[in-house]
Structure formats: structure tokens, C-alpha cells
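Single-letter residue listing:
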Amino acid sequence: MELTNINDIKQLLHRHGFRFSKSLGQNFLVASWVPEDIADSADIDGGTGVLEIGPGIGCLTEQLSMRARKVVSIELDNALRPVLAETLGGRENVEIVFGDALKLDIAALVNEKMPDMRRVVCANLPYNVTTPIISKLLECGEFETITVMIQREVARRICAAAGTADYGAFTVFVNWYAQPEMLFDVPAGCFIPQPKVTSSVIRLKRRDTPPVQVKSETVFFRVVRAAFAQRRKTLVNALSAGFGELSKESIEKCIIDSGFDAKIRGEVLSIGDFAKIADAFCTVSE
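The rules we used
- Residues numbered from 1 in each chain as written.
- Predicted model: local features only at pLDDT ≥ 70, side-chain atom pairs only at ≥ 80, totals over all residues.
- Heavy atoms only, no water.
- Phe/Tyr/Trp six-rings, centres within 6.5 Å; stacked < 30°, edge-to-face > 60°.
- Helix = DSSP H or I, 4+ residues; strand = E, 2+ residues; numbered from the N terminus.
- Buried < 20%, exposed > 50% of the residue type's maximum accessible area, 1.4 Å probe, protein only.
- Lys NZ or Arg CZ within 6 Å of the ring centre and 35° of its normal.
- Pairing = 2+ DSSP bridges.
- Axes fitted to C-alpha atoms, helices over the stretch in contact; angles between N-to-C directions.
- Contact = heavy atoms within 4.5 Å.
- Disulfide = S-S within 2.5 Å.
- 1 Å grid on protein atoms, 1.4 Å probe; cavity = no way out; pocket = protein on both sides within 12 Å on 5 of 7 lines; lining within 4 Å.
- Points joined across faces, edges and corners; volume = space filled by probe spheres on them.
- Nonpolar A, V, L, I, M, F, W, Y, C, P; charged D, E, K, R; others polar.

Caption draft 1: Region of interest: the packing of aromatic side chains. Following the criterion strictly, the structure yields 13 aromatic pairs and no others. Taken together, a centroid distance of 6.1 Å and an interplanar angle of 10° make the contact between phenylalanine 170 and phenylalanine 173 stacked. In this pair, phenylalanine 170 and phenylalanine 173 are both assigned in helix α8 (residues 169–177), three residues apart and thus about one turn of the helix distant. Of the two residues examined, phenylalanine 170 and phenylalanine 173, each falls in the buried class. Chaining the aromatic ring pairs together yields one cluster made of Phe170, Phe173, Trp176, Tyr177, Phe220 and Phe221. Stacked on the ring of phenylalanine 98, the Lys or Arg arginine 81 has its end atom at 4.0 Å from the ring centre. Cation over ring: arginine 222 sits above phenylalanine 243, and NZ or CZ is 4.1 Å from the ring centre.

Structure below.
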């Protein structure tokens, strides 16, 4: 059985009475080059433990198992249990964990399942949980790299440069924890059912330390979120809305003292720029 052959897939799903769930964002690959290229891009060797989220029928899982020491795949849909038992049953280095990746303790899971391995993530993420999943994976700090296929629009946001339309709070968040790299696009025609958008594969390489030092990460991210919550407004007005405890005058002084024009907008600021302003806010609050 070829797990990317559309006829084999249809027969497999029919045997098990499986139906696609729109709410779970299920789209299965029907182009063999895609899982092969994703697995090749994921920085895997014989000593690597791989966490996968959303294995589907297991076409990427199969490729990962050929390259890694162990693969742990988290699947939410119990309807895929008999399907995965058939497609991956003979692969001794694969373990399927049925549960919600957003609710599981990821750090505890990989420490239990991959105690002495270098760890990476490689997955075709469901579109509807892309942002919270990536956030959780970065914050847990357990993975050297995270290689994922996601909606191209989100990939562009993650890799965007300051001052561009795609640049936003999530860009800053991801770049705080990792160095992102756009790898390649995957057309909608590579899936069944076909999504309405193009997908992209990106790799996030974990930073050993943040790109800049700040007095308070909490204040830093609060400044970033406030700046982009009302991105069409000047930074003074956006931060005034996000920091109700500070006067507009003191906020303007922080921005000017950090070396910026009072009329600047947050969307043009780099991570280092946000760090200067956040540190100025910490000084005011002391």
C-alpha cells in the first residue's frame, strides 16, 4: 500500500468507514515527494526522537520512522485508530498517542518517551491550531528544530521582516524563540480533500538565548501585543490602550527616550527596538 496513492487511500478509508472532519482540518497528502522532502528537511538522524502532531494516515510518519530512532505521533481523532494500526502497525519505532496536543504536557511526554535522544518536531499541522501549537512547542523548549507544513499565509507572517504587511506580534514571538526559515511551498493539489490555500514548509531552529536581553519578558511581550493590537494607530496611542495604568505623556516620553519619533508605528520596529521601549517601560514602572 502506498500511503500517498489516492486509490489506496480511498480503499483504506472505505475499509474503516472513515470520513474527513472539516472541524479537525484533515487533509491527507497524495503526492509522495512531499512527505519525503519534509522528512529530509527535518534534521533527523539515527539518534533523533521525533514528535509528530496530526499523523493522518501516517505517510509522513512512515518517512520519519525510516530516518529516526523513535517517532511519537499525537492524534486527536479516534476514528483514525484502526487506520493507523493498519498503516503503521509493523513499525516498531513508532508510537501513536491519542489525545489533544494542546492539552497534553508535551515536555513530560517527550521526557518519558525519548529520555536520552535529541528531539525535533516534524509535522503537517492542522490549519485550525497552527498558531497555538507552534507557540506551545516553542515555549516548552524541548526541541532543537521544529519543521512543519502550515498555511502559507501563516508561514509568511512568521518569516516576515519588520515594516512589511505580514509582520506582526506572532512574528516577534516566534523570532524571540527561534530562527525561522522558509523551505518550500506545497500546492493545494497535493491533498485530498484539496484545501483552498497553498501550504508552506518552514523550519524553526531554537535559539540558545533570546536575540536581545530585556529587563522583563512579560513587559516586552505586553508591549509587542499592544503595539499590534491597533497597528494602524501610532505607537503612543496603541500603547496607551494597552497600558491603561500609564499616562499618555509618560508613554510618549518612553518612546522618545528610547530614540524613536513619537509618531512612529509599531509595525516598523524590530525586536531590538521593542526591547528598548519595553526596558524604558520597566524603568517608569519601578
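Caption draft 2: Representation of the sheet that holds strand β6 (residues 145–151) in the model. Pairing in this open sheet of seven strands is mixed, and the strands run β4-β3-β2-β5-β6-β9-β7 from one edge to the other. The open sheet has two edge strands with one neighbour each: β4 (94–98) and β7 (178–186). Sheet twist, expressed as the average angle between the axes of neighbouring strands with direction ignored, equals 20°. Sitting on the sheet, helix α2 (residues 33–40) is in contact with β5 (118–124), β6, β7 and β9 (199–206), with an inclination near 160° to β7.

Caption draft 3: Focus on the state of the cysteines. Inspection of every chain in the model, using the stated rule, returns zero disulfides. Cysteine 59 carries a free sulfur, and the closest cysteine sulfur to it, the one in cysteine 122, is 11 Å from it. For cysteine 122, a relative accessible area of 0% corresponds to the buried category.

Caption draft 4: Region of interest: the layout of surface pockets. Within this model, the largest pocket holds a volume of roughly 470 Å³. Lining the largest pocket we find 33 residues, and of these Leu24, Gly25, Gly54, Asn124 and Pro126 sit closest to its centre. Mapped onto the lining of the largest pocket, the elements with two or more residues apiece are β1 (28–29), β2 (48–53), α3 (59–67) and β3 (70–75). By residue class, the composition of the lining of the largest pocket is 21 nonpolar, nine polar and three charged. Reported here for the second largest pocket is a volume of approximately 260 Å³.

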